[in-house]
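One-letter residues, chain by chain:
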There are 2 protein chains.
Amino acid sequence: MSAHRLRLRFVPDGTEVRVPSGTAVFDAASWNGIAIDSTCGGYGTCKKCKVRVLSGEVAVSDVDPRAFSAAELADGWRLACRATAGADLVIEVPPLQTRPKAALAGVGRHVILRPSVQKRHLVLPEPTLEDQRSDLQRVLDAIDDLEPEPSLELLRTLGATLRSSGFDVTAVVVGEELLDVEPGDTTARRFTIAFDLGTTTVVATLLDLDSGQPLAVSSMLNRQQPFGADVITRISATMLDPGALELLRLRASETLAELTGEVCDEAGVDPAEVYEVTVCGNVTMMQLALGIDPEPLSMAPFVVSTHRLPPARASDFGVEVHPRAPAFVFPSIGAYVGGDIVAGILATGLTRDRRVRLFIDVGTNSEIALGSSERVLACAAPAGPAFEAAQIRCGVRAADGAIEAVRIAGEELSLQVIGDAEPIGICGSGLVDAVAELVGCGLLDHSGRFIPDDVAAAAHPGLCERLTMIGKERVFVLHWRGEDPAESVFLSQRDVRELQFAKASIATGWQILLRELGLEPGDIAQVLLAGSFGSFLTPASAVRIGLVPKLALPRIVTAGNVAGEGAKIAALSARERAEAAAILREVEYVELSGRADFNDLFIDQLSFPG
Amino acid sequence: MSAHRLRLRFVPDGTEVRVPSGTAVFDAASWNGIAIDSTCGGYGTCKKCKVRVLSGEVAVSDVDPRAFSAAELADGWRLACRATAGADLVIEVPPLQTRPKAALAGVGRHVILRPSVQKRHLVLPEPTLEDQRSDLQRVLDAIDDLEPEPSLELLRTLGATLRSSGFDVTAVVVGEELLDVEPGDTTARRFTIAFDLGTTTVVATLLDLDSGQPLAVSSMLNRQQPFGADVITRISATMLDPGALELLRLRASETLAELTGEVCDEAGVDPAEVYEVTVCGNVTMMQLALGIDPEPLSMAPFVVSTHRLPPARASDFGVEVHPRAPAFVFPSIGAYVGGDIVAGILATGLTRDRRVRLFIDVGTNSEIALGSSERVLACAAPAGPAFEAAQIRCGVRAADGAIEAVRIAGEELSLQVIGDAEPIGICGSGLVDAVAELVGCGLLDHSGRFIPDDVAAAAHPGLCERLTMIGKERVFVLHWRGEDPAESVFLSQRDVRELQFAKASIATGWQILLRELGLEPGDIAQVLLAGSFGSFLTPASAVRIGLVPKLALPRIVTAGNVAGEGAKIAALSARERAEAAAILREVEYVELSGRADFNDLFIDQLSFPG
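Residues numbered from 1 in each chain as written. Chains lettered and ligands numbered in written order. Predicted model: local features only at pLDDT ≥ 70, side-chain atom pairs only at ≥ 80, totals over all residues.

**Some details on the interface of chain B and chain A**
Then, number 1: With 39 residues of chain B in contact, the opposing surface of chain A contributes 39 residues.
Then, number 2: Every element with two or more residues in the side of chain B that touches chain A is listed here: α4 (135–142), β9 (149–150) and α5 (152–164) of chain B.
Then, number 3: Sort the elements by how many residues they give to the side of chain B that touches chain A and α5 of chain B lands first, with seven residues.
Then, number 4: Each residue belonging to the side of chain B that touches chain A can be placed in one class, and the counts come to 19 nonpolar, 13 polar and seven charged. (Contact = placed C-beta atoms within 7 Å. Helix = DSSP H or I, 4+ residues; strand = E, 2+ residues; numbered from the N terminus. Nonpolar A, V, L, I, M, F, W, Y, C, P; charged D, E, K, R; others polar.)

**Examining the domain arrangement of chain A**
Residue and element names in this part refer to chain A.
Then, number 1: According to the domain assignment, chain A consists of domain 1 (5–98), domain 2 (117–183), domain 3 (191–329), domain 4 (349–384 + 499–606) and domain 5 (387–495).
Then, number 2: Look at where the C-alpha atoms of domain 2 and domain 3 centre, and you get two points 31 Å apart.
Then, number 3: Taken together, the eight residues of domain 2 in the interface contact seven residues of domain 3.
Then, number 4: Taken together, the elements giving at least two residues each to the side of domain 2 that touches domain 3 come down to β10 (168–174) and β11 (177–183). (Domains from an automatic or database assignment.)

**Considering the nonpolar core**
It is characteristic of soluble globular proteins that their nonpolar side chains tend to be buried jointly.
Then, number 1: Of all hydrophobic cores here, the largest spans 326 residues; its most connected members are Ile 368, Ile 426 and Val 435 of chain A together with Ile 368, Ile 426 and Val 435 of chain B.
Then, number 2: Apart from residues no more than four positions distant in its own chain, Val 435 of chain A is found in contact with Leu 444, Val 496, Leu 499 and Ile 545 of chain A. (Core = buried A, V, L, I, M, F, W, Y, C linked by C-beta atoms within 7 Å. Buried ≥ 20, exposed ≤ 12 C-beta atoms within 10 Å, placed from the backbone.)

**Structural notes on the relation of the copies chain B and chain A**
Then, number 1: Once turned by 180° and shifted 0.0 Å along the axis, chain B lies on chain A with an RMSD of 0.1 Å. Here the symmetry operator amounts to a two-fold rotation axis. No C-alpha of chain B lies nearer the rotation axis than that of Asp 62 of chain B, which sits 5.0 Å from it.
Then, number 2: Taken together, the interface assignments show that 100% of the residues at the interface of chain B recur at the interface of chain A, consistent with an identical surface on both copies. (Least-squares fit on C-alpha atoms with pLDDT ≥ 70 in both.)

**A short note on the packing of helix α10 (residues 428–441) of chain A against helix α12 (residues 493–517) of chain A**
All names here are of chain A.
Then, number 1: Their axes nearest at 11 Å, the elements α10 and α12 cross at an angle of 105°. Taken as axis vectors, α10 and α12 run roughly perpendicular relative to one another. Between α10 and α12, the residues in contact are Leu 431, Val 432 and Val 435 and Asp 495, Val 496 and Leu 499, respectively.
Then, number 2: Class assignment of the residues belonging to the contact of α10 with α12 gives a composition of five nonpolar, no polar and one charged. (Axes fitted to C-alpha atoms, helices over the stretch in contact; angles between N-to-C directions. Parallel < 35°, antiparallel > 145°, perpendicular 65-115°, else oblique.)

**Comments concerning the sheet that holds strand β19 (residues 365–371) of chain B**
Residue and element names in this part refer to chain B.
Then, number 1: If you walk across this open sheet you meet the six strands as β28-β27-β18-β19-β20-β29, and the pairing is mixed. Two strands close off the open sheet at either side, each with one partner strand: β28 (556–560) and β29 (588–589).
Then, number 2: When β19 meets strand β20 (residues 376–382), the two strands line up antiparallel, connected through seven bridges. Across the sheet, Asn 365 pairs through a bridge with Pro 382, a residue of β20. (Pairing = 2+ DSSP bridges.)

**So, helix α7 (residues 244–267) of chain A**
Residue and element names in this part refer to chain A.
Then, number 1: The first and last C-alpha atoms of α7 sit 35 Å apart over 24 residues, in line with the 34 Å expected at 1.5 Å per residue.
Then, number 2: Buried within α7 are the following residues: Leu 245, Leu 248, Arg 249, Arg 251, Ala 252, Ser 253, Thr 255, Leu 256, Leu 259, Thr 260, Val 263 and Cys 264.
Then, number 3: If you follow the buried residues of α7, they end up packed against β12 (191–197), β13 (201–208), β14 (214–221), α6 (231–240) and α8 (283–289). (Expected span 1.5 Å × (residues − 1).)

**Looking at the pairing of strand β1 (residues 5–11) of chain A**
Residues and elements named next belong to chain A.
Then, number 1: Where β1 and strand β2 (residues 16–20) come together, five bridges link them in antiparallel fashion. Along β2, the bridge assignment pairs Arg 9 with Glu 16.
Then, number 2: Two successive antiparallel strands, β1 and β2, enclose a turn made up of four residues, where Gly 14 displays a positive phi of approximately 90°.
Then, number 3: Inspection of the sheet shows β1 paired to strand β5 (residues 89–92) by four bridges, in the parallel sense. Bridge pairing in β5 places Leu 8 opposite Leu 89.

**What about the sheet that holds β11 of chain A?**
Residues and elements named next belong to chain A.
Then, number 1: The four strands are arranged β8-β10-β11-β9 in an open sheet whose pairing can be described as mixed. A single partner strand is all that each edge strand has here, and the edge strands are β8 (117–123) and β9 (149–150).
Then, number 2: The sheet contact formed by β8 and β10 spans seven bridges and is antiparallel. Residue pairing for β10: Leu 122 is matched across the bridge by Val 169.
Then, number 3: Relative to the sheet, helix α5 (residues 152–164) contacts β9, β10 and β11, its axis offset from that of β11 by approximately 30°.

**Remarks on the environment of Arg 555 of chain B**
Residues and elements named next belong to chain B.
Then, number 1: Within the secondary structure, Arg 555 is located in the loop between α14 (539–544) and β28.
Then, number 2: Between the C-alpha atom of Arg 555 and that of Gln 526, which follows or precedes it by 29 residues, the distance is 4.8 Å.
Then, number 3: Apart from the residues lying within four places of it in its own chain, the contact partners of Arg 555 are Ala 525, Gln 526 and Val 527.

**Points about unusual backbone geometry**
Then, number 1: Of the consecutive residues Val 11 of chain A and Pro 12 of chain A, the connecting peptide bond is found in the cis state with omega at 5°.
Then, number 2: You can see Pro 12 of chain A is positioned in the loop between β1 and β2.
Then, number 3: Of the consecutive residues Ala 300 of chain B and Pro 301 of chain B, the connecting peptide bond is found in the cis state with omega at 5°.
Then, number 4: Examined against the element boundaries, Pro 301 of chain B turns out to sit in the loop between α8 (283–289) and β16 (312–313).
Then, number 5: Unlike most non-glycine residues, Phe 302 of chain A shows phi in positive territory, near 55°.
Then, number 6: As for its placement among the helices and strands, Phe 302 of chain A is situated in the loop between α8 and β16 (312–313).
Then, number 7: Given 18 C-beta atoms within a 10 Å radius, Phe 302 of chain A is considered partly exposed.
Then, number 8: A positive phi angle is found at Asp 420 of chain A, which is not glycine, with a value near 50°.

As structure tokens, then:
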């Protein structure tokens, strides 16, 4: 389903971009940091985004004749928001009349601030017998560059607001909706909240839409936790108890509502001044938060309710901001490649970059995307809970006391512990480090078995005493707490096996994507490790255990919480949301379940690279 | 604002119609009873409404290239729903592939059944690992001639419905919305309710959308009555008590809900099978029913909240049918020319008929429209309560015991009483008759004064004893109850004055509209008397008191409850609703308040015609 790509060159800037056929010229420019004048946000109403097509054909849209004379049309002038690229084009962008108010760097990205929330201060003439325009029309006529639609709720109070304010009001327009009409001039205040609704952690960022700056950030554990640590246990809860779905929905609402209160308090913002929210999360989190039956997600053939949700409001998520504030929700590519991954792809620019890049969000369900602006494939790899400590004997969450990094130099073992505390357990990144170092020094062989004691004693006299038994299982003690190994923080043979399964699943995923694209590991220019876990992974260790392809270390980048970054980018720019929609259309989902070649590849990947 | 009219001729039928520039060819045909194939209802998705433009230019729409080859396009083939008339046209309509399922005669009108509620029975392939389409996409892909959008609420249960029914379902599409997906084949059952929400009486008609036939009708008094008999007293109630608006809204909801229960019970229809409702009513009734502050309606300059309400649902009116059923609400032309009048104009075809016609909805607030397919003007005449009995000494509502007709032949006075009962009072039509007959026989002079007793005794020896005094006021006794005139049913001098004011207000209204159109009374081909009062008026009496122009009596037609008819027409045909929108654009509102010529004309109209 990869769409045909066209070449667009913008002059005088000289930037050349490749976009799918059918892309609006305005979007192509916007996504690539080329600013074109616009006040309506690309709805064809402000008629300011004038460009000239110097080479290539662009059809005259239905709005163009209202913006240009016949001579100008013949001369190639078009409104960029309505000009869809159907061929290679050269486009002249006139100098800006107004500089874009602010710009923000995302994950190595330049984002032009184009909030869908706009305000217009209006001082209206009062009605007379000669001017009996309806209250609504009086407001709409005064907003000459936008054509928003009101809601029934707004009309309930519009008449009273106009009259109590002496017809001096501010119109709040969000996208194509006249969201509110407020007394007086409130244009200086407009805010949005970007939510990253994770299975474990939920983050809210309050942004000032005038400056594009974050004013407050807050995070907390998802209150759905008591129903299970991962998505499968939470879906199971809904299947066992018909009332659980509603409870899970309420817990998500409570979580988002509490964070909303926190960020608004911290920034001194009235929640009613938050006119829109954006939400990213995996498909299960979205369906649970909105009360959509998640059962079909949990079993083959893993079917989502919809890839693109119908218009939702913040109130649908239980978020009490402006009562009619819309919620932008990222679309999802598949049951286990959800809106969080689309947000991540948006934030990393995976579908726009010419370099072949590998994106891995490491977790219980790991999501993998591979490709470039030519073509991107994505798949989900069920990695199991190794990375999230649940199945690891001494596994703990990444919090104070967790061993997060392990180094073996000669006979010296050193640990890095969160909070510089006494170690109480090992978190996911520590696990990967420990295994990688043990493979590196030879105490673990390439099949993942601890080497025999005698061999170990010969090779590593300083470390071999750590290699011992607890019950019938061989373990490697990372940190002694008394003499009994069972009291220590250790790595067991079974823990190593868990990690092998997890990393093999992920590696099989990107191997299959490479195969589908006809590429070799060496063709990958960059690996992006994402998600709360991936971001703490040591690139060298990830390479050593074979979780990622063997590339030069600087090419392996920990990208941070790219889902949250994507949510913020979407909050700041309505045009970037169009790119999110494009990602849904362009990224091809590859289902790993039931694939004939999966098992063979998986077994190959179980061992550690030589 | 009268739009430029174009001439469209349809062949082989030969019908020629005149429509405003910009009208869709499909609509022009539909409004004039010319059927063109279509299953999508004109949304450009079914691609069945193929016509050929034989003469005149019609631009190629964005959908046309998907329906026709380049050769066909060059040959003039277009989709009628996307072909907008910008010049005089001759259009060839191919023979129908499917006959329109039913047609219904409105008020002398032919209505092609084109419900916006459509059902499609779908037997879907079950998902597999090779076919992981989302639940929604699976449904949408199977509906090949429509492209509806779902709601969040539908998605909540879609997965469970598909799986519990074995993927054998019926999609319910209303307009552009996928309203529901029901288990099994329910295509035979789809219903709608047309509501006429009057200030006094509320009527509900349940219609079968498969046959177009009404299955049940029910009416009751508006439960807002305790807040006042007319719109002004109800608006005043909201101004005196901040809680009254919500109470009035609830009373309207209760009224509509009770009627809904009655018609569904009578017809054996599950309310959940009612997928849409239509509502007409005056502006005050609509604003009160939807909780929109009505205060600006009640005082100059009489400003409506909006002429065209945003999309509403049956639930917004408190109507418990399908929980997501949309409500079509007629637009309003002015504060006192509301959706009921637009519905009446639709039902009478005032804006499409070549004849000049005068439409009068007689009531406390009388609405007047005058014109033809060339141009229509409308105004509101504050007639006062004379027609609704409130200010008339012996005035009663038109119910058992009310004198509804009066005849004077020679010295004989005869009464027609509702329910053949003992007269207890006089209702509006009886009042008009009584005054008309008394003017006719000379007991009232043309200035509206009872003639002196001596003159009366000489002229009407058989009637003169009825002309007597109650206190200081002269009265004419219509029905004796004992010897005391004060106990009788009578007509007082003040009652005559009330009627004079009312009829002068209405007559001034149509005089001003005639003047604005440059027409004389003789140019009027037909007078349509509408509304619950107008329909009972004796045409001869209406002429005699000067309420309507002096025309041959067969030209004065009582049109019945045209508002209710309009609501039914809109319920049966989504295309007719486009005409309602056209009426809003085309009918020009003339404000009588504050007009310099109003008072002069009003005084001229106070006396009775010679």
